[in-house]
Amino acid sequence: MLIRYPRRARLHKLKRTMSETANAMFKIVKEGFTDGSHYDKYRPDYTPETTSAILRMLTAEHGVSAGENCDILELGAGTGKLTKHLYKALPPDLKFVASEPMSEFLTTLRERCPGVTTVKCTADVIPFPDNSIQGIVAAQCFHWFANESALTEITRVLKPKGSLILVWNVPNTEVDWVDVLTKKALTFYNDDDPQYVRFWWKDAIDAFPGLGLKTRKLLDYPTSEYTIDEMKTFYSTISTFASMSADDKEHALGELEKVVRSHPSTADKTILQYPRVTDLSQYIKQ
């Protein structure tokens, strides 16, 4: 399949500051992230194929030599869904650090990934020296900080020819009922909500001169099985829905349920086969 990036971003949205983004994320976490176990259970994990592909991207260009501060940095590590796989896959002599700006997520990350070095920071204030990090990985989060200040800071800390690797597990919208469901979900997003599916992040990084796309891969992802209630719970972990009032969330998730119960492909199903694909890109510091 091919995910086509629409050229429809509102450029003024791309200038959103990290402080504005952090405030929005803080609101979402305080109002919506009240059960980390739900997030871990219903958000998709990362496959061995994805972990191996990331590892090759991090090491194939020049190899990685151990440094004093940090060799591989994960930005926006969240609850550690990718962190645990990277930590096990990377050579033990490399210094891997997982960062996360939100205290609630960071607490869960430390519980889920004992032994991993963690730091609390945002993408526009990274506490490492210039030209010190070989590779930065951002999983399921770059759309939150795709702006000039964060990209400038990322390129500051990357070594020459260092990699920024972006990864998302996303719905396979080539399946019609998933496409209809995704479009319905979009109707509930706020005007300034920088979700992956809006692709504002793609416009931001394409316009930034310090990074250039080296490769993009679309990797297969195992189909998930959800009951309708589990599907609704998955959507409730997405930031837009997580930050809604209880009544608004019930209404929005009910509208998603109507899509599933009325679509010819799913109307008679008690178990939904929910397809995804992994969107993986590598950018190189210019």
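Relevant structure appears above.
As a starting point, this report considers the structure included with it. Fair warning: this is a prediction, and the values are worked out from it, not measured in the lab. (Residues numbered from 1 in each chain as written. Predicted model: local features only at pLDDT ≥ 70, side-chain atom pairs only at ≥ 80, totals over all residues. Heavy atoms only, no water.)

As for the overall build of the chain
A count of helical and extended segments in the chain gives 11 helices and seven strands. Classification of the 286 residues of the chain by burial places 57% in the buried group. Taking all contacts inside the chain whose residues are at least 6 apart in sequence as the whole, residues at least 24 apart take part in 81%. When the accessible surface of the chain is split by element, carbon and sulfur atoms take 50% of a total near 13000 Å². (Helix = DSSP H or I, 4+ residues; strand = E, 2+ residues; numbered from the N terminus. Buried < 20%, exposed > 50% of the residue type's maximum accessible area, 1.4 Å probe, protein only. Contact = heavy atoms within 4.5 Å. Areas by Shrake-Rupley, 256 points an atom, 1.4 Å probe, with all protein chains shown as cover.)

Considerations on the environment of S52
Turning to its location among the elements, S52 is positioned in helix α3 (residues 48-59). Assessed through its relative accessible area of 35%, S52 is described here as partly exposed. For the pair formed by S52 and A89, sequence separation is 37 residues and the distance between their alpha carbons is 7.8 Å.

Considerations on unusual backbone geometry
For Q140, which is not glycine, the phi torsion reads 60° and is therefore positive. Tracing the chain through its elements places Q140 in the loop between β4 (133-139) and α6 (148-157). Phi at K161 takes a positive value of approximately 65°, unusual for a residue other than glycine. One can find K161 in strand β5 (residues 158-171). The exposure class of K161 is partly exposed, given its relative accessible area of 41%.

What to know about the packing of helix α9 (residues 228-236) against helix α11 (residues 246-262)
Interaxial distance between α9 and α11 falls to 10 Å at its minimum, and their mutual angle equals 135°. With respect to α11, the axis of α9 lies oblique. When the axes of α9 and α11 are compared, the crossing they make is right-handed. Here I228, M231, K232, Y235 and S236 of α9 come into contact with α11, specifically with K249, L253, L256, E257, V260 and R261. For the contact of α9 with α11, a count of residues per class yields six nonpolar, one polar and four charged. (Axes fitted to C-alpha atoms, helices over the stretch in contact; angles between N-to-C directions. Parallel < 35°, antiparallel > 145°, perpendicular 65-115°, else oblique. Left-handed = near helix turned anticlockwise from the far one by under 90°. Nonpolar A, V, L, I, M, F, W, Y, C, P; charged D, E, K, R; others polar.)

Structural notes on α9
Among the nine residues in α9, seven count as buried, and that is most of the element. Here α9 has its buried residues at I228, M231, K232, T233, F234, Y235 and S236.

Topic: the environment of K88
When you line up the elements, K88 lands in helix α4 (residues 83-89). Assessed through its relative accessible area of 73%, K88 is described here as exposed. For the pair formed by K88 and T51, sequence separation is 37 residues and the distance between their alpha carbons is 9.8 Å.

A few points about the pattern of salt bridges
Opposite charge on two side chains lets them pair, provided their charged atoms get close. Following the criterion strictly, the structure yields 11 salt bridges and no others. Residues R156 and E153 are paired through a salt bridge, measuring 2.9 Å at the closest nitrogen-oxygen approach. With R156 and E153 both in helix α6 and three residues apart, this pair spans about one turn of that helix. One connected set of salt bridges, linked through shared partners, spans D130, E153 and R156. (Salt bridge = Lys/Arg side-chain N within 4 Å of Asp/Glu carboxyl O.)

Quick look at the nonpolar core
Formed by 57 residues in total, the largest nonpolar core has its most connected members in F142, F145, Y235 and F241. If we skip the residues at most four places from it in the chain, Y235 touches L181, T182, A185, F241, L253, L256 and Y274. Core analysis: the next-biggest nonpolar cluster, separate from the first, contains 22 residues, A77, L109, V137 and A139 among them. (Core = buried A, V, L, I, M, F, W, Y, C linked by side-chain atoms within 4.5 Å.)

Some remarks on the packing of aromatic side chains
Overall, the coordinates contain 15 aromatic pairs when judged by the stated rule. Relative to F234, the ring of Y226 lies with its centre 5.9 Å away and its plane at 20°, an arrangement referred to as stacked. The exposure class of Y226 is buried, given its relative accessible area of 7%. Chaining the aromatic ring pairs together yields one cluster made of W177, F188, Y189, Y226, F234, Y235, F241 and Y274. If you follow R276 out to its NZ or CZ, it ends over the ring of F234, 4.7 Å from the centre. (Phe/Tyr/Trp six-rings, centres within 6.5 Å; stacked < 30°, edge-to-face > 60°. Lys NZ or Arg CZ within 6 Å of the ring centre and 35° of its normal.)

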